[in-house]
Amino acid sequence: MDYIVSGPCEVAGVAPGGTVSQQVLEGLEANVPALIEGGHLKPAPAPADLKKPAQK
């Protein structure tokens, strides 16, 4: 899962508006729920092709 940095500060070295992965945050032992609750991160939308079932 990826997250968008939505607050005014960098998170894990990523500037506001950028995307940071769950793997990077876990590697830094970041408290993801607290960052989301505090408005610093928000879940990135999933790519559209993953949401649609495969057509035959």
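This one's a predicted model, so the numbers in the text were calculated from it and none came from an experiment.

Another aspect to go through is the environment of T19. Here T19 shows up in strand β2 (residues 19-21). The class for T19 is partly exposed, based on a relative accessible area of 47%. Taking the C-alpha atoms as reference points, T19 and D2, separated by 17 residues in sequence, lie 6.5 Å from one another. With residues near it in sequence (within four places) discarded, T19 still touches D2, Y3, I4 and V14.

Our focus in this paragraph is the pairing of strand β1 (residues 2-5). The alternating pattern of β1 places Y3 and V5 on a buried face, while none of D2 and I4, on the opposite face, is buried. Pairing between β1 and β2: three bridges, direction antiparallel. Residue pairing for β2: D2 is matched across the bridge by S21. Sheet topology note: the β1/strand β3 (residues 41-43) ladder contains three bridges and is antiparallel. The partner of I4 across the bridge, within β3, is K42.

What follows covers unusual backbone geometry. Backbone geometry at A12 places phi at a positive 55°, although glycine is not the residue there. Tracing the backbone through its elements, the reader meets A12 in the loop between β1 and β2. Even without being a glycine, E29 presents a positive backbone phi close to 55°. Looking at the secondary structure, you find E29 in the loop between α1 (22-27) and α2 (32-37). Looking at E29, the relative accessible area reads 73%, which means it is exposed.

Taken in spatial order, the three strands make up an open sheet running β2-β1-β3, and their pairing is antiparallel. Two strands lie at the open edges of the sheet, namely β2 and β3, each paired on one side alone. Mean inter-strand twist for the sheet, computed between neighbouring axes without regard to direction, equals 40°.

Thresholds applied
- Residues numbered from 1 in each chain as written.
- Predicted model: local features only at pLDDT ≥ 70, side-chain atom pairs only at ≥ 80, totals over all residues.
- Heavy atoms only, no water.
- Helix = DSSP H or I, 4+ residues; strand = E, 2+ residues; numbered from the N terminus.
- Buried < 20%, exposed > 50% of the residue type's maximum accessible area, 1.4 Å probe, protein only.
- Contact = heavy atoms within 4.5 Å.
- Pairing = 2+ DSSP bridges.
- Axes fitted to C-alpha atoms, helices over the stretch in contact; angles between N-to-C directions.

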